[in-house]
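Structural characterization, general
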Amino acid sequence: RGRGGAAPGGGGSKAKKKNGRSRGGKANNPPYLPPEAEDGNIEYKLKLVNPSQYRFEHLVTQMKWRLQEGRGEAVYQIGVEDNGLLVGLSEEEMRASLKTLRRMAEKVGADITVLREREVDYDSDVPRKITEVLVRKVPDNQQFLDLRVAVLGNVDSGKSTLLGVLTQGELDNGRGRARLNLFRHLHEIQSGRTSSISFEILGFNSKGEVVNYSDSRTAEEICESSSKMITFIDLAGHHKYLKTTIFGLTSYCPDFAMLVVSANTGIAGTTREHLGLAMALKVPFFIVISKVDLCSKATVERTVKQLERILKQPGCNKLPLLVNSDDDAVTAAQQFAQSPNITPIFTLSSVSGENLDLLKVFLNILPPLTNSKEQEELMQQLTEFQVDEIYTVPEVGTVVGGTLSSGICREGENLVVGPTDDGKFLRLKVCSIQRNRSACRVLRAGQAATLALGPFDRSLLRKGMVMVSPEMNPTICSVFEAEIVLLFHATTFRKGFQVTVHVGNVRQTAIVEKIHGKDKLRTGEKAVVCFRFIKHPEYLKIGAKLLFREGVTKGIGHVTDLQAITTKENGLEESLGPGHLSF
């Protein structure tokens, strides 16, 4: 078969083409897509009319492969040759092909939804169409597709309200009723400002319908009936809580970020800063302009133009894509995942519900960033769980929340946690696991969950620790080197300066020990800098992304070298009685 090209091209050129047509109104686009790729979850099919039994079995096997590549999701383009030529099918042939596709999907336990249809100008008198179909597998053993979306934006831009509306299924009254269920503290309800990180879930079933808290569903019911989950990480917009927002972005490893901008205030306050954070951490982001019911069309257009101008600047170098219809939303979701430069922009209202459906269509189709192969490779490594939150739950004991960055974690597994203030690792046992508020037996790499540790002493734990399998022999360090870019500093950055360093879930003050090859740094300069943590050693990895800040000083970079605190020859040794491990 004449195949070639890369998987990311699958729906890309078509989307551009559709856009070219809808904007420019020209119909003389070349009738082809990029050639189909062997891997990836996009499949081209010319027609599927009455296949023989042998051919049908082959098609089902192929569908299983595409679903596996897309971790439970695949996109079929019907009426397209393998080399990408848009041939199109007559009404009758298309009906028969979709019927066959439905039979194939039933065979593998999946559902299909038609994303969009369009006519093609192929040399024939009969109108010919191509159809784009989303195939989604009904989840088995709780393995629903889980995407994490961090929600950023200035204070009072409507982040919590938008999440309240999406997850509760009812519109806001204009005075903040929708967001009340998201707040975690009394002072947040009183001031209306988020100061902590809260999680909200939105599910989609295999037919692409929204599953949320409407119809008084519980979180467990949402998990049971969803084949795709979007976990929203609601972050704080106020400048006072910037460190919490950075912690949420670095430690919870979001797949995407949603930047909420209020239509009536435009780009104000921390909006630019949050945009910069998402770009520095290379988190793909899309933009939602909220509160369009409050202002005139001209004001909304002004805000859109202001955003487009910023996105096109050399620092950002993004291609804005304004979403006005369902077709745009499908295009945006596919291109956004394939090309990091595309930034979809939605204009909506949480009060009138205007264009809210477009955002739901977009979130429903949004594919995961990693394919199944990368996921498998991560799962084969040793267990490593980042500790982001610590709670004490009555009758359960100590509970830690966080993300499993590699390996597999099962109930009853023995792990070690550390490093403590004096660089030790302590033994513990995982008693039970909960994921999205429902019990779960096995945790796989990349998933977020809470683990119950039973009677383990909470005072020995802190944010930034890791839980790893005992045979890992983890490297810890107090002194490390990083290649950094100084984004902003009022004067010069020199030896002895103290900054707060964020690396993944680690957050600690560090002193600049040495700047290689220079005495001092100014805004915009690059250098390799040696840092030393002032309190206790931490578990770091080479290549990890790093952010540091101190007042208005900000910088980004990555870890290049660790001065590991060496372990004894035999690795871990017992000391301080049972239950403790020391180096």
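Here is a short report on the structure shown in this document. (Residues numbered from 1 in each chain as written. Predicted model: local features only at pLDDT ≥ 70, side-chain atom pairs only at ≥ 80, totals over all residues. Heavy atoms only, no water.)

**Structural notes on helix α7 (residues 242-251)**
- Here α7 lies mainly inside the structure; nine of its 10 residues are buried.
- A positive backbone phi angle near 45° is found at Cys 253, which sits one or two residues after α7. (Buried < 20%, exposed > 50% of the residue type's maximum accessible area, 1.4 Å probe, protein only. Helix = DSSP H or I, 4+ residues; strand = E, 2+ residues; numbered from the N terminus.)

**A look at the nonpolar core**
- In terms of nonpolar packing, the biggest core is built from 45 residues, with Phe 232, Met 258, Phe 286, Leu 359 and Phe 362 touching the most fellow members.
- Among the elements that take part in this core, helix α11 (residues 356-365) stands out by supplying six residues, more than any other.
- Viewed by domain, this core spans two of them, domain 1 (42-137) and domain 2 (145-369), each represented by three or more residues.
- Each residue touching Phe 286, except ones within four places of it in the same chain, is listed here: Val 149, Phe 256, Ala 257, Met 258, Leu 259, Phe 336, Thr 343, Pro 344, Phe 346, Leu 359, Phe 362 and Leu 363.
- In this structure, Ile 233, Ile 267, Ile 287 and Leu 547 belong to the second largest nonpolar core, which totals 33 residues. (Core = buried A, V, L, I, M, F, W, Y, C linked by side-chain atoms within 4.5 Å. Domains from an automatic or database assignment. Contact = heavy atoms within 4.5 Å.)

**Points about the sheet that holds strand β8 (residues 228-234)**
- Within the open sheet, the eight strands sit side by side as β7-β6-β8-β5-β9-β10-β12-β11. Their pairing is mixed. The open sheet has two edge strands with one neighbour each: β7 (210-211) and β11 (319-322).
- Summarising the sheet, strand β6 (residues 198-204) and β8 pair through seven bridges and their orientation is antiparallel. Note on β8: the bridge partner recorded for Phe 199 is Ile 233. (Pairing = 2+ DSSP bridges.)

**As for the pattern of salt bridges**
- Across all of its chains, the model carries 18 salt bridges by this definition.
- Residue Glu 57 pairs with Lys 107 through a salt bridge whose shortest N-O separation is 3.5 Å. Here the residue Glu 57 occupies a position in helix α2 (residues 53-69), and Lys 107 occupies one in helix α3 (residues 91-108), the gap between them amounting to 50 residues.
- According to the relative accessible area criterion, Glu 57 is partly exposed, its value standing at 33%.
- A salt bridge links Lys 228 to Glu 73, with the nearest nitrogen and oxygen atoms 3.3 Å apart. A residue pair is termed long-range when its members are at least 10 positions apart, and Lys 228 in strand β8 and Glu 73 in strand β2 (residues 73-78) qualify at 155 residues. In this structure, Lys 228 and Glu 73 share a single accessibility class: buried. (Salt bridge = Lys/Arg side-chain N within 4 Å of Asp/Glu carboxyl O.)

**Structural notes on unusual backbone geometry**
- Residue Gly 418 is joined to Pro 419 through a cis peptide bond whose omega torsion reads -5°.
- If you trace the backbone, Pro 419 turns up in the loop between β16 (414-418) and β17 (425-429).
- In the Ramachandran plot, Asn 50 falls in the positive-phi region, its phi being about 40° despite a non-glycine side chain.
- Its place among the elements puts Asn 50 in the loop between β1 (42-45) and α2.
- A relative accessible area of 69% places Asn 50 in the exposed class.

**Re the packing of aromatic side chains**
- Applying the stated rule across the entire model yields 13 aromatic pairs.
- Every member of this aromatic cluster is reached through a ring pair, and the members are Phe 480, Phe 493, Phe 497, Phe 531, Phe 533 and Phe 548.
- The positively charged end of Arg 103 is found above the aromatic ring belonging to Phe 56, 4.2 Å away from the centroid. (Phe/Tyr/Trp six-rings, centres within 6.5 Å; stacked < 30°, edge-to-face > 60°. Lys NZ or Arg CZ within 6 Å of the ring centre and 35° of its normal.)

**Some details on a nonpolar patch on the surface**
- Taken together, the side chains of Leu 180, Leu 186 and Ile 189 present a nonpolar region at the surface, about 280 Å² in accessible area.
- By the element assignment, Ile 189 lies in helix α5 (residues 186-191). (Patch = residues over 30% accessible without salt bridge, like charges linked within 9 Å, V, L, I, M, F, W, Y side chains within 5 Å. Areas by Shrake-Rupley, 256 points an atom, 1.4 Å probe, with all protein chains shown as cover.)

**Brief notes about the sheet that holds strand β4 (residues 128-137)**
- Ordered in space as β1-β2-β4-β3, the four strands form an open sheet in which the pairing is mixed. Each edge of the sheet is formed by a strand with only one pairing partner; in this case those strands are β1 and β3 (110-120). Each strand of the sheet is rotated relative to its neighbour by a mean of 20°, with strand direction disregarded.
- Here β2 runs beside β4; their pairing, made up of six bridges, is antiparallel. Of the residues in β4, the one forming a bridge with Tyr 76 is Val 133.
- On the sheet, α2 packs against β1, β2, β3 and β4 and is oriented at approximately 130° with respect to β2.
- Strands in contact with α3 are β2, β3 and β4; relative to β4, the strand with the most contacts, it is inclined by about 10°. (Axes fitted to C-alpha atoms, helices over the stretch in contact; angles between N-to-C directions.)

**Topic: the pairing of β1**
- Where burial is concerned, the two faces of β1 agree: the one with Ile 42 and Tyr 44 and the one with Glu 43 and Lys 45 are both buried.
- When β1 meets β2, the two strands line up parallel, connected through four bridges. Of the residues in β2, the one forming a bridge with Ile 42 is Val 75.

**A word on the packing of helix α10 (residues 326-338) against α11**
- At a minimum axis separation of 8 Å, α10 and α11 run at an interaxial angle of 35°. Here α10 runs over α11; the crossing is right-handed. Contacts between α10 and α11 involve Asp 326, Ala 329, Val 330, Ala 332, Ala 333 and Phe 336 from the first element and Leu 358, Val 361, Phe 362 and Ile 365 from the second.
- Of the residues in the contact of α10 with α11, the class split is nine nonpolar, no polar and one charged. (Left-handed = near helix turned anticlockwise from the far one by under 90°. Nonpolar A, V, L, I, M, F, W, Y, C, P; charged D, E, K, R; others polar.)

**Points about the pairing of strand β10 (residues 285-290)**
- For β10, the tally of buried residues reaches six of six residues, placing the bulk of the element in the interior.
- Of the two faces of β10, both are covered, the one formed by Phe 285, Ile 287 and Ile 289 as well as the one formed by Phe 286, Val 288 and Ser 290.
- Alignment of strand β9 (residues 256-262) against β10, held across six bridges, turns out to be parallel. Bridge pairing in β10 places Ser 262 opposite Ser 290.

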